[in-house]
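Summary of structural features
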Amino acid sequence: MKKAISLAVGVMLTAVLLTSCGNDTTPSEPLDDTTVTTVPSVTDPTPTVPLSSMWQADDTTPADTSGATVIRLADGDTAINGEGAEASSAGVTVTKGGVYVVSGQLTDGQLRVDVNDGQTVYMVLDGVTVHSNQTAPLFVRRAEKVVITLADGSENRFSDSAEAVFEDAENEEPSGAVFSKSDLTINGNGSLTVEAAFRDGIVSRDGLKIAGGKLAVTAADDALMGRDYVLVGGGDLTLRAAGDGIKSTNNASAEVGFVEISGGTLTVESEKDGVQAESSLSVSDGMLKVVSGGGSQKGTANDRFDYMFGMNSMDSSSTGKALKAGTQLAISGGTLTLDAADDALHSNDTLIVSGGAVTASAGDDGVHADTALTVSGGSLEILTCYEGLEAATITVEGGNTRITASDDGVNASCGSSDTTGDYGPMGGRGGMGGDPFASDDSKFYIRGGKLFVDAEGDGLDSNGSISMTGGEVTVIGPSNSGNGTFDFASSFDITGGSLIAIGSSGMAQTPTSDTLCSIVWGGCTLQTGESFSVTAEDGTVIASVESTRTANWAYVLSPALKEGESYTLTDGYESRTITHTGGMYQIGYGGQMGGQMGGGGPMGGHGGMGRPGGFF
């Protein structure tokens, strides 16, 4: 089904090159109850963090705690040994850069950092529990940078109240249970639980880096938010959010507002988007599981149907996407399991899958890019979706891609901003009064890799052209006559690769140009679970596919097909043997009651009484 795509103008941000590093561990020791002048070193988190240029050594290597200031929190009886911190009835304020080791509990208080710009605070949490009824329990008001280390084996917790208020109402700050107006890093081998009843979980108004630790964040809005960027290079993160799971929001330039995931294990459950970047989003390693918007069973594709018939309005900014980028989404590694009410992978500009293993279920598109979508490597399996791959220009040149779609498997469309277009009330395909089959400049290139498509709508669809120069493609198309296994507006040229396709003959199209031997079989009979195959004289199976629905049309192209050689074609009803005469060999018959076979040859085929004059 051809449809419009709303194009957004975005600036492409090149993915940051990643390298890897790691560190040795040093066992930590518990604080002595009587001696607070010297604190043993805290465990090095030993992250497997592929560092980008944004990572610094102190992000993954905890500071030397010998000579650190030691803070023991207690309601009305907080003890401080060392310089740079002050206790009050409201809690503790760190006023000087340096290293601090914190333990203890405040039932209604705040751990606060307020140091001069240019100073860095290293804070080791070793069994801290702080709750605040009024504001953020951990608030970095001013600092150059704050690095939080979760001490080995420690359990730490910050929680706020739904009744909390902003200290700065104009700027709505602090908005998170852990809130920093400066760069914030979390590392270590301990655990941190954040319960944010007021709004967000962990927030940095600059950059947020997660290098280690076991984090569990529950938020009334967003779980993790770094205005300039969010980097996740390690740790075990469980994020539950009524808003977005991970978010970066700065849209000042293409150099900010990005998210990079280069390691760690992440589990995200979000009512809105799972991971959202204002500019680029990249995943190069780690394990990422996302359920967004309630999952694919809450699919937004239903909104399209309602809108087509004037039953509601279509919101182009609908949420529930698993991974969403404003400019570029790049997947080069990692293991991703995505279950989204909307798109599983979405970019307002470009999208690249070059590695990793992605398993996705989507209520709308499996993979969507407004401008260009490229699959060059890795494994991409779309278990369920409305449409599988969608963009103005789609290129498949590597990897292993499998798509199961309730509409189009692949849809290349330049789209339109005209609201009376594809989704206008009662507008139908192409818009009211328009040409539903008008060609645009959309392109679908198949250059390599493996592509398997099972589509109830069009199998391979382009509002412009399709070009195939390599790769292995299998398409199970529709059983209804309103869609086609191939659907292209201008041309479908093939100069290489192999392709087997089955589906309905109702809107069947064959490639407009191919230089290899191919076979088109019209009128074949396939029921669900039956196979169509082409076998050489020596028994070698040239092509075979098992149908997931009824089909009566098949197309096979393979470099193994040779002019002058014989092949056996088998469907769910019978087998026929042909001698290929070169080019596109077409055979059509009317089933069991068909007439005598006519002469075979290029563009000829076998006549049949069941389809007067032959199928073609």
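Note that this is a predicted model, so its numbers are computed, not measured.

Next up on the list: the overall build of the protein chain. The helix and strand tally for the protein chain stands at two helices and 49 strands. Looking at the protein chain as a whole, 55% of its 616 residues are labelled buried. Of the roughly 23000 Å² of accessible surface on the protein chain, 46% is carried by carbon and sulfur atoms.

To continue, consider unusual backbone geometry. A cis amide bond links Glu173 to the next residue, Pro174, at an omega of -10 degrees. Relative to the helices and strands, Pro174 resides in the loop between strand S12 (155–160) and strand S13 (176–180).

Here we come to the confidence of the model for the protein chain. Mean pLDDT over the protein chain: 83, with 80% of residues reaching 70 or higher. In this model, residues 1–51 is a region of pLDDT below 50 whose contacts with residues beyond four sequence positions or in other chains number 160 contacts. Across residues 416–436 the pLDDT falls below 50, and counting only partners more than four positions away or on other chains, this stretch makes 45 contacts in the model.

Attention shifts here to the sheet that holds strand S47 (residues 566–570). Spatial strand order, S45-S44-S47-S48: four strands in an open sheet with antiparallel pairing. Among the strands making up the open sheet, the edge pair consists of strand S45 (541–546) and strand S48 (575–579). With strand direction ignored, the average angle separating the axes of adjacent strands in the sheet is 15 degrees. The pairing of strand S44 (residues 531–536) with S45 spans five bridges and is antiparallel. Residue pairing in the sheet places Thr535 in a bridge with Val541 of S45.

Bringing the packing of aromatic side chains into the picture now. This model, assessed by the stated rule, comprises eight aromatic pairs. Taking 5.3 Å as the distance between ring centres and 90 degrees as the angle between the ring planes, the aromatic pair formed by Phe486 and Phe492 counts as edge-to-face. By relative accessible area, Phe486 is classed as buried at 0%. Classification of Phe492 by relative accessible area gives buried; the value is 0%.

This part is about the side chain of Lys209. In this structure, Lys209 sits in strand S17 (residues 207–210). When neighbours within four sequence positions are excluded, Lys209 is seen to be in contact with Met54, Trp55, Gln56, Asp59, Leu184, Thr185, Ile186, Tyr229 and Leu231.

Evaluated as defined, the whole model comprises 21 salt bridges. Two residues, Lys443 and Asp441, come together in a salt bridge whose shortest N-O distance is 2.7 Å. What emerges from the salt-bridge pattern is a single network uniting Asp58, Asp59, Lys145 and Lys209.

Once that is clear, we can look at the nonpolar core. One finds Ile202, Leu323 and Leu460 to be the most contacted residues of the largest nonpolar core, which totals 105 residues. Membership of the second largest hydrophobic core comes to 24 residues, among which are Cys517, Trp521, Leu526 and Ile587.

Time to look at the environment of Gly67. Relative to the assigned elements, Gly67 resides in the loop between helix H1 (57–60) and strand S3 (69–73). We classify Gly67 as exposed; its relative accessible area is 61%. Residues Gly67 and Asn81, 14 residues apart in the sequence, show an inter-C-alpha distance of 10.0 Å.

Before going further, it helps to spend a moment on the environment of Ala341. Positionally, Ala341 belongs in the loop between strand S27 (328–340) and strand S28 (345–347). For the pair Ala341 and Glu271, spaced 70 residues apart in the sequence, the C-alpha separation amounts to 9.3 Å.

This part covers the side chain of Ser204. Its place among the elements puts Ser204 in strand S16 (residues 200–204). Classification of Ser204 as buried rests on a relative accessible area of 0%. At 2.9 Å, the side chain of Ser204 forms a polar contact with the backbone oxygen of Ser182. Not counting residues up to four positions away in its chain, the partners in contact with Ser204 are Ser180, Ser182, Asp183, Leu184, Met225, Gly226 and Arg227.

The subject of this paragraph is the pairing of strand S31 (residues 372–384). Judged from the nine bridges that link them, strand S29 (residues 350–362) and S31 form a sheet pairing that is parallel. Within the sheet, the bridge partner assigned to Thr359 lies in S31 and is Glu381. Bridge count between S31 and strand S33 (residues 393–405): nine bridges; the pairing is parallel. Looking across to S33, one finds that Thr374 is bridged to Thr395.

Reading guide: rules and limits
Along every chain, residues carry numbers that run from 1 in the direction the sequence is written. Totals for whole chains, interfaces and linings use all residues, but because this is a predicted model, local features are given only for residues with pLDDT of at least 70 and pairs of side-chain atoms are given and counted only at 80 or more. Only hydrogens and water are set aside; all other atoms, that is, all heavy atoms of the structure, feed into the side-chain values. Only DSSP runs of H or I with at least four residues qualify as helices, and only runs of E with at least two residues qualify as strands; both kinds are numbered from the N terminus onward. Each residue gets one of three labels from its accessible area relative to the maximum for its type: buried under 20%, exposed over 50%, partly exposed in between, using a 1.4 Å probe on protein chains only. Where accessible areas are quoted, they stem from the Shrake-Rupley method and a 1.4 Å probe; at the residue level, only the protein chains shown are allowed to cover. Each residue carries a pLDDT score, the predictor's own confidence in it, on a scale running from 0 to 100. Every residue pair with non-hydrogen atoms within 4.5 Å of one another is taken to be in contact. Only when DSSP finds a minimum of two bridges between them are two strands counted as paired. Simply put, an axis is a line fit to the C-alpha atoms, just over the touching stretch for a helix, and the angle between two N-to-C directions goes from 0 to 180 degrees. Each pair of aromatic rings taken from Phe, Tyr and Trp, with Trp reduced to its six-membered ring, is defined by centres within 6.5 Å and is described as stacked if the planes are under 30 degrees apart, edge-to-face if over 60, and tilted in the remaining cases. Salt bridge, as applied in this entry: a Lys or Arg side-chain nitrogen positioned within 4 Å of an Asp or Glu carboxyl oxygen. Note on terminology: a nonpolar core comprises buried Ala, Val, Leu, Ile, Met, Phe, Trp, Tyr and Cys residues joined through side-chain atoms within 4.5 Å. The term polar contact refers here to a pair of N or O atoms within 3.5 Å; inside protein, the definition further demands a hydrogen-donor-capable atom paired with an acceptor-capable atom, and it admits residues adjacent in sequence only when both atoms are side-chain atoms.

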